[in-house]
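Coordinates in review
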Amino acid sequence: MGVQLAIHGKSFSAETKPLMEKMWADICAKNCQPILSDFFKNHLLEHGFSVAEVPSYSTEKGLESADMAWSIGGDGTLLETLTQIGPREIPILGINTGRLGFLATLSPPEISSALDTVLQGNYRIENRSLVAVESEMDFFDGKGFGLNEVGIMKTDTSSMITIKAFVDGNYLNSYWADGLIVSTATGSTGYSLAVGGPLVIPSSDIFIIAPMSPHNLNVRPLLVSSSAVLTFEVSSRSKNFLISLDSRSKVIDSHFKIEVKKAPFSAKLIKIPGDDFLQTLRSKLNWGLDVRN
């Protein structure tokens, strides 16, 4: 029996089709048993791929079991794959078919040799902490966890909001701002970075609390232990606010209290030899591009 391999991917264009054809040929030639997400299978069929007999799973219900999962696209596709896996903790390999990502770091020229490397078992698994959101209402349909961040922010038409924050029940601050980001260490390179948060090594066991456009300029991002339980009470003139969890979002009434804490399970990311966070930082942020180097 070969490796049971779950595959989820984003839609692709005619220009990307040759890359997909080469990748699919490599997968078929290896000792593996592919199972496709229903979305990706339908997209492959639309582009003429012979996958009608390949088993599939529901992206809505999620993946029941597999030896590993491959995400083909970008960082957003990997986040989608994670929501399909959840507490099952199936290891995920991020294959990047677009621009270099922080999560999906395997580039197209590396794919063919990397498939052999992974299927031979020559890889390591990084455990990444997840952030979980809880409230009296289930905002995210049983998938209230994320790899990058939770965002609490004003809606498009509202003025700034006030977010009263508590750490383990102790009052922290009332943020007058456009919003607030609670980021994992993994998410430090995402939305948190855009609002002035620090870069953090992904294995760090912390949360970053970073305000978005705060009215008081002396308010700065704060790092707390990921074992902390964060509670937020939001008030807004518009009587609502937006809550986001990675790439998902929902407008809710401002009378809800939001509890944010570390999820009881983690994301397991597959890393092949040479795939290093510091190297990705240098490549993504153009560190070291200086004539003196």
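Residues numbered from 1 in each chain as written. Predicted model: local features only at pLDDT ≥ 70, side-chain atom pairs only at ≥ 80, totals over all residues. Heavy atoms only, no water.

In the annotation of an unreviewed UniProt entry, the protein chain is listed under the name NAD kinase and assigned to Aquirufa novilacunae. What UniProt states about the protein chain under its Cofactor (unreviewed entry) heading is, verbatim, "a divalent metal cation". (UniProt positions renumbered as here; feature names shortened; annotations may be inferred.)

In the contact formed by helix H1 (residues 17-29) and helix H4 (residues 111-119), the axes pass within 10 Å of each other and the chain directions differ by 25 degrees. Comparing their axes, H4 and H1 come out roughly parallel. Crossing hand, H1 versus H4: right-handed. Contacts between H1 and H4 involve Leu19, Lys22, Met23, Asp26 and Ile27 from the first element and Ile111, Ser112 and Leu115 from the second. Looking at side-chain class alone, the contact of H1 with H4 contains five nonpolar, one polar and two charged residues. (Axes fitted to C-alpha atoms, helices over the stretch in contact; angles between N-to-C directions. Helix = DSSP H or I, 4+ residues; strand = E, 2+ residues; numbered from the N terminus. Parallel < 35°, antiparallel > 145°, perpendicular 65-115°, else oblique. Left-handed = near helix turned anticlockwise from the far one by under 90°. Contact = heavy atoms within 4.5 Å. Nonpolar A, V, L, I, M, F, W, Y, C, P; charged D, E, K, R; others polar.)

Next up on the list: the pairing of strand S2 (residues 32-37). With five of six residues buried, S2 is to be regarded as a mostly interior element. Taken together, the five bridges between strand S1 (residues 3-9) and S2 define a ladder with parallel strand orientation. Bridge assignment links Gln4 to a residue of S2, and that residue is Gln33. On the question of chirality, the crossover connecting S1 to the parallel S2 by way of H1 is right-handed. By the bridge criterion, two bridges tie S2 to strand S3 (residues 56-57) in an arrangement that is parallel. In the strand pairing of S3, Leu36 is matched with Ser56. (Buried < 20%, exposed > 50% of the residue type's maximum accessible area, 1.4 Å probe, protein only. Pairing = 2+ DSSP bridges. Right-handed = clockwise from strand over helix to strand, strands pointing away.)

Before going further, it helps to examine the UniProt feature "binding site: NAD(+)" (unreviewed entry) in the protein chain. Those residues carrying the UniProt feature "binding site: NAD(+)" (unreviewed entry) are Asp75, Gly76, Asn148, Glu149 and Asp178 in this numbering. The greatest C-alpha distance among the residues just named is 25.2 Å, and with 104 residues of sequence between them they are spread in space as well. Its location among the elements puts Asp75 in helix H3 (residues 75-85). Beyond its immediate stretch of four places on either side in the chain, Asp75 contacts Gly101, Phe102, Leu103 and Ala104. Here Asn148 lies in the loop between strand S7 (145-146) and strand S8 (149-153).

Another point: the packing of aromatic side chains. Taken as a whole and assessed by the stated rule, the structure comprises four aromatic pairs. With a centroid separation of 5.1 Å and an interplanar angle of 75 degrees, the aromatic rings of Phe145 and Phe265 are classed as edge-to-face. With Phe145 in strand S7 and Phe265 in strand S17 (residues 257-271), the pair connects residues that are 120 residues apart, well separated along the chain. Neither Phe145 nor Phe265 differs from the other in exposure class; each is buried. (Phe/Tyr/Trp six-rings, centres within 6.5 Å; stacked < 30°, edge-to-face > 60°.)

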